[in-house]
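Summary of structural features
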Amino acid sequence: MTNSLPATMHAVLLKGHGGVEQLEYRIDVAVPRPGAGDVLIKVGAAGVNNTDVNTRIGWYSKQVKGGTNAGGTSGFASVNNENASWSGVPLKFPLIQGADCCGRIVAVGEGVDASRIGQRVLVRNMLRAPVENRPFECWTYGSDCNGSFAQFTVAPSADTWSINSDWSDIELASIPCSYSTAELLLQRAKVTSEDTVLITGASGGVGSAAVQLAKCRGATVIAITSASKAGQISSLGADRVIPRDANLIQALGKNSVSVVLDLVGGKDWPPLLDVLKLGGRYAIAGAIAGPMVELDLRTLYLKDLTFFGCTWQEDTIFEELVGHIEQGRIRPFVSKSYDLSDIAAAQQDFIDKRYAGKLVLVPPQGNVREDY
């Protein structure tokens, strides 16, 4: 099957940690070939995520203390390349990023049933096959290995899920990273219909997904976002929207919510614990406003709070997510799509928070053969 594939493809290469100048759009990148247990996917669309920007700028390095936006365009001067990845293992450049992928399987490697060819698929962004499904270990698709910012990509068959949906490729490509992260937050925090849930960064990809997924569980949802995006977040099901600059204690009162799902962190973090009820649960999967916070340990233990750090995903997470899509329990929230060659503009719009929801990149389609 691989004999009919083109030899080269369009792709974006990340040449090293730094600013957007490290993103190089090329039209002569070799099309990868699937190894044993792998599938080759013709990419239909690829979502833009915080992890793409954070990986590019080296934000995961412990030397970086500021928020994503502080280095989103130009990078950071203080990055230690030795620990600037999710796993702490130095990245190998050039790297094809892209944690979100929707496409079709066009070839399979040894050991993979050929009947998979032609399937429309989503790739689980937290890859489990490369680490032999060991708990609390994963490879991040588009960081620990090449991802979807290209016309073709390789992924483990075991981490590539067939999807039956009438959504467009652009809509489906908005799902894997953001919605699986949101589903993880909700599962870890054990959110039910009895909960009142406060969601920070609610206009972003993960935050807006969490609004929908919390409502699927029947929870009462309070969302924090900018005033300009409040209407859009309300339309997703939020019961109440709080402006980003509001005084949370004045707006909500102390001990008023049972769960906080946080994606922001930063200097305004302490009141999140004040509004949690006794025995409340706090789950975090991002810190776009900055990773350093001030924690009064007395608040943590005197209120019997439980904290959840959320990265590694149990196998049930992506299975639940595909079920949500196929059964119509959630809907996509895409604000804009871009040609893959416009990745720098897409990332700048993302950094500037110009739009709510998801931004998606589309690689060239017309010059790729369809007869395989």
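The sections below set out a description of the structure shown in this document. (Residues numbered from 1 in each chain as written. Predicted model: local features only at pLDDT ≥ 70, side-chain atom pairs only at ≥ 80, totals over all residues. Heavy atoms only, no water.)

Brief notes about unusual backbone geometry
Short version of the rule: Counting from the N terminus, the helices are the DSSP runs of H or I reaching at least four residues and the strands are the DSSP runs of E reaching at least two. Per-residue accessibility, obtained with a 1.4 Å probe over protein chains only, is compared with the maximum for each type, and a residue is labelled buried under 20%, exposed over 50%, and partly exposed between these values.
Put simply, F93 and P94 share a cis peptide bond, and its omega is 0°. Tracing the backbone shows P94 in the loop between α2 (68-71) and β4 (102-108). In the Ramachandran plot, N255 falls in the positive-phi region, its phi being about 55° despite a non-glycine side chain. Examined against the element boundaries, N255 turns out to sit in the loop between α7 (248-252) and β13 (257-262). Notably, D304 is not glycine yet its phi reads approximately 55°, a positive angle. A residue is classified by how much of its surface remains accessible, and D304, at 57% relative accessible area, is exposed.

Notes on the packing of aromatic side chains
Aromatic ring pairs are defined here through the distance separating the ring centres and the angle between the ring planes. The condition that has to hold: What counts as a ring pair is set by centres within 6.5 Å for rings of Phe, Tyr and Trp (its six-membered ring), and what kind of pair is set by the plane angle: stacked under 30 degrees, edge-to-face over 60, tilted for all other angles.
Summed over all chains, the structure comprises six aromatic pairs. Between W161 and F318, the ring centres sit 5.8 Å apart and the planes meet at 50°, which makes this aromatic pair tilted. Here the residue W161 occupies a position in strand β9 (residues 160-162), and F318 occupies one in helix α10 (residues 315-326), the gap between them amounting to 157 residues. Aromatic side chains Y282 and F307 sit 5.0 Å apart centroid to centroid with 50° between the ring planes, which places their arrangement in the tilted category. Here the residue Y282 occupies a position in strand β14 (residues 276-284), and F307 occupies one in strand β15 (residues 306-309), the gap between them amounting to 25 residues. In this structure Y282 comes out as buried when scored by relative accessible area, which is 3%. An aromatic cluster of three or more residues is present, and its members are W269, Y282 and F307.

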